[in-house]
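A look at the structure
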Amino acid sequence: MEFGFAIVIGGLYAAGFYMMLRRNIVKFILGLSLLGHGANLLIFTAAGLTRGNAPLTAGSGNMMMADPVPQALILTAIVIGFGVTAFMLVLAGRVSQLSGADNVDALRESEKPTT
Amino acid sequence: MNLLPVYPVAGLILWTAVCVALYRYPRAQTMVTALALLSAWGAALVLLLTVTRHGPVALFVGNWPAPYGITFVADRLSTLMTTTALTVTLCVFAYTTFSSEQALIRHGFYPAMLAMTGGVCGAFLTGDLFNLYVWFEVLLMGSFALIALGGGRKQLEGALKYVAINLVSSALFLAGAGILYGSLGTLNMADLAVKMHLQGMPRLSTAVAALFLCAFGIKAALFPFFFWLPASYHTPPAAVNALFGALMTKVGVFAMIRVFTLVFPHETGVTHTLLLILAGFSMLVGAMGAYGQWEIRRVFSFSIIGQIGYVVMGLALDTPLALAGALFFLVHNMIVKTALLLTGGIAERLAGTGDIRRLGGLYAGRPVLAYGYLLCALSLAGVPPLSGFFGKLALIQAGFSGRAWVVTTIAIAASFLSLAYGMKVWIYAFWRPAPADVLDMAPGWRSPRVESAARGMTWSVVALAGLMLLMSVFSGPVMAYCVTTAEGLLDPAEYLRAVLGNGGAAR
């Protein structure tokens, strides 16, 4: 089971980095969210995959139950990731409106030496 | 239960909400922000005194005992950083209020600044690794808003680069935290320290340490990860630039110090050698890059990279003296860097440009500002008897006694370079007479609005220069404080006892 997850995580990371190395801003943001998903799945897998009941419910008394901490961590990370991705999409939209390009190579305005 | 450690954080976040509610009333926002910052600053000061007298204080959120709930820990390092950060923020706040840049304030500068400062204090005071991640995101969200405030094309392009690289860094941090939890079953930093000591993480610990090194290295703008900084820091208005220069990279380097002294103290073989090499390159690249710039704020933004190098050098040498030097230098740098970046902002306000080739006559026209700048620039370069000298002295001494000849030589050479770029700005913008096409810098040539703003803004620089002078005069006690702090970092028994009770002291 862990092995399968490891392959998926590796795939997500590879795809994420590949997308981030493209020159299109939107592809970069997609790559970033893939990277976030990879990290979330990594937490989930690294903390151990337990086949058991839902944690902290009435019936879960002495039975085998899943570790609630990684679930809480992932939930937090997903919410944060949602917020920052939304912000970044708006920012990218505004930048491409102003510069008329969606290519990161065209974004040289802030790095130009002062003449 | 002592609620004090959480006040600077919770207080600032709550006041942010009040500030947002008063979005349409800038005057009320100013009052609220002043109140919020002053009360947080007071709390931080009380905390500093308490911790100095009685040792680290831990706060267990929701009264869950240490490894289960989230813990806030105020130890000597975190209170020192919190107090300095809030002091500097107060000065930037005063600068913004005097500058009366209505556009900036109307777009929500104050709430964004409060949110960011709250996040910074949270990152300093938390004792939980995942909570550190959350605070990083909080302060990033505030900084994203600040860097994009009302900007044109140039500023938004800078903001996009800043946002993108910081999100990559957060993803790496998250992965590192996940692997640590998977291996050791805890995220409480004190508990991690104990578990790391008792059972360790064979095979994985170096990889995880490298993940954290990359994540915090990006945030701190350390050598191979620094490219985003000169592309973005100079684009927002001077107040935002100064706030970032004072706080953002410093939080990254603080996290590095915290994690590498507490969680990975046994990784000295690989990571600390790597850190030493990166520190050497950072010092060199930062100083050379800064020398090549022509705008005041670009010079001192680029030089941040070099000063981060000095702090990381102290961390990599891993002796009490080196760490004490690094901490002293860090505090000194937060103060001086803010003053220099704000000086750039004032020059821009007066002349309409920060390009030193088009500036001149600031010494003749604005002697108070000029002396403030000169003292801070000399201190930044490490000219005795100013505060930068004592930090560098400790670092270089530790470097020679640690037989790190190359890095120590680079540290000395980079100091000369930083003197060179400080003096380059001094000669062009301050010392020589104003070029013919520039309005005389003396008071009386500009509109009363600009005049009164410039006078008020200069007060912030004077206050920061005064703080720097105080730190130079009392360098003995401050250095003694830093040495005790460094010893506490290298032998965290007190920290562990405060968080874990006597079980932690078994280490």
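Residues numbered from 1 in each chain as written. Chains lettered and ligands numbered in written order. Predicted model: local features only at pLDDT ≥ 70, side-chain atom pairs only at ≥ 80, totals over all residues. Heavy atoms only, no water.

All names here are of chain B. Per the stated rule, a full pass over the model turns up eight salt bridges over all chains. With a closest N to O distance of 2.9 Å, Glu348 and Arg297 form a salt bridge. Here the residue Glu348 occupies a position in helix α14 (residues 320–351), and Arg297 occupies one in helix α13 (residues 296–317), the gap between them amounting to 51 residues. Arg357 serves as the salt-bridge partner of Asp355, at 3.2 Å between the closest nitrogen and oxygen. Look at Asp355 and you get buried, because its relative accessible area is 3%. What emerges from the salt-bridge pattern is a single network uniting Asp355, Arg357 and Arg358. (Salt bridge = Lys/Arg side-chain N within 4 Å of Asp/Glu carboxyl O. Helix = DSSP H or I, 4+ residues; strand = E, 2+ residues; numbered from the N terminus. Buried < 20%, exposed > 50% of the residue type's maximum accessible area, 1.4 Å probe, protein only.)

A contiguous nonpolar patch, built from Phe400(B), Trp405(B) and Val406(B) and spanning about 330 Å² of accessible area, is present on the exposed surface. Relative to the assigned elements, Val406(B) resides in helix α18 (residues 405–431). (Patch = residues over 30% accessible without salt bridge, like charges linked within 9 Å, V, L, I, M, F, W, Y side chains within 5 Å. Areas by Shrake-Rupley, 256 points an atom, 1.4 Å probe, with all protein chains shown as cover.)

Turning our attention to the nonpolar core. Formed by 223 residues in total, the largest nonpolar core has its most connected members in Leu129(B), Tyr162(B), Leu180(B), Phe244(B), Phe264(B) and Phe300(B). The greatest single-element share of this core, amounting to 19 residues, is contributed by α14(B). (Core = buried A, V, L, I, M, F, W, Y, C linked by side-chain atoms within 4.5 Å.)

With that out of the way, let us pick up the confidence of the model for chain A. The predicted model of chain A has a mean per-residue pLDDT of 85, with 90% of residues at 70 or higher. Mean pLDDT across the elements of chain A ranges from a minimum in helix α3 (residues 68–99) of chain A, with 90, to a maximum in helix α1 (residues 2–20) of chain A, with 93. (pLDDT = per-residue confidence, 0-100.)

Now for unusual backbone geometry. Residues and elements named next belong to chain B. Here the bond from Pro384 into Pro385 is cis, since omega is 5 degrees, no more than 30 degrees from zero. Tracing the backbone shows Pro385 in the loop between α16 (367–381) and α17 (387–401). In this structure, Asn63 takes a positive phi of about 60 degrees despite not being glycine. Of note, Asn63 is situated in the loop between β1 (57–60) and β2 (71–74). Assessed through its relative accessible area of 56%, Asn63 is described here as exposed.

On to the environment of Thr186(B), then. Residue and element names in this part refer to chain B. For Thr186, the location among the structural elements is in the loop between α7 (153–184) and α8 (189–198). Expressed as a C-alpha distance, the spacing of Thr186 and Thr117, which sit 69 residues apart in the sequence, is 28 Å. Discounting chain neighbours no more than four positions away, the residues touching Thr186 are Pro67, Leu180, Tyr181, Asp191, Leu192 and Lys195. At 3.3 Å, the side chain of Thr186 forms a polar contact with the backbone nitrogen of Asn188. (Contact = heavy atoms within 4.5 Å. Polar contact = N/O pair within 3.5 Å; in protein donor to acceptor, adjacent residues only side chain to side chain.)

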